[in-house]
Amino acid sequence: MSKYLVETFYTCTFKVKHFLDKIDQKELNNIEQRNDGEFEVIDIKIDTRKTKSLEKKQATKNGTNISEVNIDNNEKQVDNKNIKNSNFVKNVDEVINKRFSMPDRRKGYIQKATIGDHKVYLHTGEYEDGKIGEIFIDTSKEGELVKALMNNFAIAVSLGLQYGVPLDEFVSAYVDTKFEPSGKVYGNDRILSATSILDYIFRELAISYLNREDLAHTPSINRSDNEVDHGSIEENNQLIKIVKDMTSKGFVRNDYKRKLVDLSDIRINLKGKK
C-alpha cells in the first residue's frame, strides 16, 4: 500500500483586545507578554495543500532505512502541528463561546425620558472596568404584550453584550429605526428627538459608553478645549482613577473632572463646645 503525506496550510486572522488602566511606554512594551486578552477570530482560510509520497527508498546507513526514519520524523512533526493547531482552535473557541457574567453587585445608572406621551426608563449594568454588560427597559402606557417584548429584547441585548458582541454593532443596527412613539424627547440633556424608542435608547448608550458625540443633539456641558487637550494628563491623576473605579462610566459620561469635588483642603473642626 502506498503512503502519502498530506500537508495543509491555513491562515488564521484574529485580533486580541487588551484593556489597559493607563497608556504609557511600559504598558505598551509588556503587552505582548499578557495573557488576559480577548481573542476574536476574523477569518480562517486554506492557503495550500501539498502531497508527498513516502515510498521513495533511499540508501541505508548502519542497516537502517533512511526513508523510514524520515517517515517517522515527518509523522511526528505532523502530529505535533495537529496538536498545536487543535489546542489553538480549542483556546479560541473557549474565548469566543465564553459568557462573561455580570458581577453580583454592579455599577450603572437609570435615565428617565419622555418620548411623546410615553415614559421610558433605561437601566444599565456595568462590569468593574466600566464596560456595559446589561440593559433593562421599562415603559409606561404600554400593554402587557409590548412590555414583555421590550423586556425580552433587553435580555437578548444583554446576553449579546456578555458574549462579546460590541455595543457598536447594536448602535449601528438600531439607531435611526422608525416607529411610534417618536418625536421630541424630554428629560435627556443630550438627545432632543428620536425616531423611535430603540433609536433613543441606543443613542443614549452610544453617547454614554462610546463617546459618540455625532449622535448627540447638544454639546457636552462644561467641556472646554483645554480639558480635552489635557485629558491624558488627568488620566494619570490618582484621584481621578479612584473616582473612575467608584463611579458609573455611563452616568458621568467620562466627564470625571467636572463631576469631581476635591475635599482634600477642607478641614472640619470636630471639637465640641465647652
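Residues numbered from 1 in each chain as written. Predicted model: local features only at pLDDT ≥ 70, side-chain atom pairs only at ≥ 80, totals over all residues. Heavy atoms only, no water.

A.B. asks: Help me understand the confidence of the model for the protein chain in this model?
C.D. replies: Interpreting fine coordinate detail is not advised for predicted regions of low pLDDT. Looking at the protein chain as a whole, the pLDDT averages 75, with 67% of positions reaching at least 70. Note on residues 222–233: pLDDT is under 50 here. Beyond four places in sequence and across chains, it has six contacts. (pLDDT = per-residue confidence, 0-100. Contact = heavy atoms within 4.5 Å.)

A.B. asks: Looking at this structure, how should I read the packing of helix α3 (residues 144–162) against helix α5 (residues 197–210)?
C.D. replies: Two numbers describe a pair of packed helices, the interaxial angle and the distance between the axes. Between α3 and α5, whose axes approach to 13 Å, the crossing angle comes to 35°. As α3 packs across α5, the resulting crossing turns out to be right-handed. Note on element contacts: α5 touches α3 through Ile197, Leu198 and Phe202, opposite Met150, Phe153 and Val157. Of the residues in the contact of α3 with α5, the class split is six nonpolar, no polar and no charged. (Axes fitted to C-alpha atoms, helices over the stretch in contact; angles between N-to-C directions. Helix = DSSP H or I, 4+ residues; strand = E, 2+ residues; numbered from the N terminus. Left-handed = near helix turned anticlockwise from the far one by under 90°. Nonpolar A, V, L, I, M, F, W, Y, C, P; charged D, E, K, R; others polar.)

A.B. asks: Would you mind going over the side chain of aspartate 199 with me for this structure?
C.D. replies: Tracing the backbone through its elements, the reader meets aspartate 199 in helix α5. In this structure the side chain of aspartate 199 is engaged in a polar contact, spanning 2.7 Å, whose partner is the backbone nitrogen of aspartate 176. The residues contacting aspartate 199, other than those within four sequence positions of it, are Tyr174, Val175, Asp176, Thr177 and Ala194. (Polar contact = N/O pair within 3.5 Å; in protein donor to acceptor, adjacent residues only side chain to side chain.)

A.B. asks: What exactly am I supposed to notice about the pattern of salt bridges here?
C.D. replies: It is possible for side chains bearing opposite charge to pair when their charged atoms get close. Within this structure, the stated rule accounts for five salt bridges. We note a salt bridge from glutamate 213 to arginine 190, for which the minimum N-O separation is 2.5 Å. With glutamate 213 in the loop between α5 and α6 (225–229) and arginine 190 in the loop between β8 (183–186) and β9 (193–194), this pair connects stretches of sequence that are 23 residues apart. On the accessibility criterion, glutamate 213 (40% relative accessible area) is partly exposed. With a relative accessible area of 3%, arginine 190 lands in the buried category. Note that arginine 212 and aspartate 214 form a salt bridge whose closest N and O atoms lie 2.9 Å from each other. Overall, arginine 212 belongs to the partly exposed group, its relative accessible area being 25%. (Salt bridge = Lys/Arg side-chain N within 4 Å of Asp/Glu carboxyl O. Buried < 20%, exposed > 50% of the residue type's maximum accessible area, 1.4 Å probe, protein only.)

A.B. asks: What exactly am I supposed to notice about unusual backbone geometry here?
C.D. replies: What is expected of a backbone is that most residues other than glycine have negative phi and most peptide bonds are trans. Along the chain, glutamate 180 connects to proline 181 via a cis peptide bond; the corresponding omega equals 0°. Unusually for a residue other than glycine, asparagine 211 sits at a positive phi of about 55°. On the secondary structure map, asparagine 211 appears in the loop between α5 and α6. Under the relative-accessibility criterion, asparagine 211 is labelled partly exposed at 42%.

A.B. asks: Would you mind showing me how to read the nonpolar core here?
C.D. replies: Nonpolar side chains tend to gather and get buried jointly when the protein is soluble and globular. By size, the foremost hydrophobic cluster in this structure holds 31 residues, and its most contacted members are Ile135, Ile137, Tyr200, Ile201, Phe202 and Leu205. For this core, the secondary structure elements donating two or more residues are β5 (110–115), β6 (118–126), β7 (132–139), α3, α4 (167–174) and α5. Residue contributions to this core peak at nine residues, all from α5. For isoleucine 201, the residues in contact, after removing those within four places along its chain, are Leu122 and Ile137. (Core = buried A, V, L, I, M, F, W, Y, C linked by side-chain atoms within 4.5 Å.)

A.B. asks: Help me out: how do you make sense of the sheet that holds β6 in this one?
C.D. replies: Paired through backbone hydrogen bonds, the strands of a sheet run either parallel or antiparallel to each other. Taken in spatial order, the five strands line up as β7-β6-β5-β8-β9 in an open sheet, and their pairing is antiparallel. Each edge of the open sheet is held by one strand with a lone partner, namely β7 and β9. As paired strands, β5 and β6 are joined by six bridges and run antiparallel to one another. The residue of β6 that forms the bridge with glutamine 111 is leucine 122. Where α5 meets the sheet, its contacts fall on β5, β6, β7, β8 and β9, and the angle it forms with β6 comes to roughly 35°. (Pairing = 2+ DSSP bridges.)

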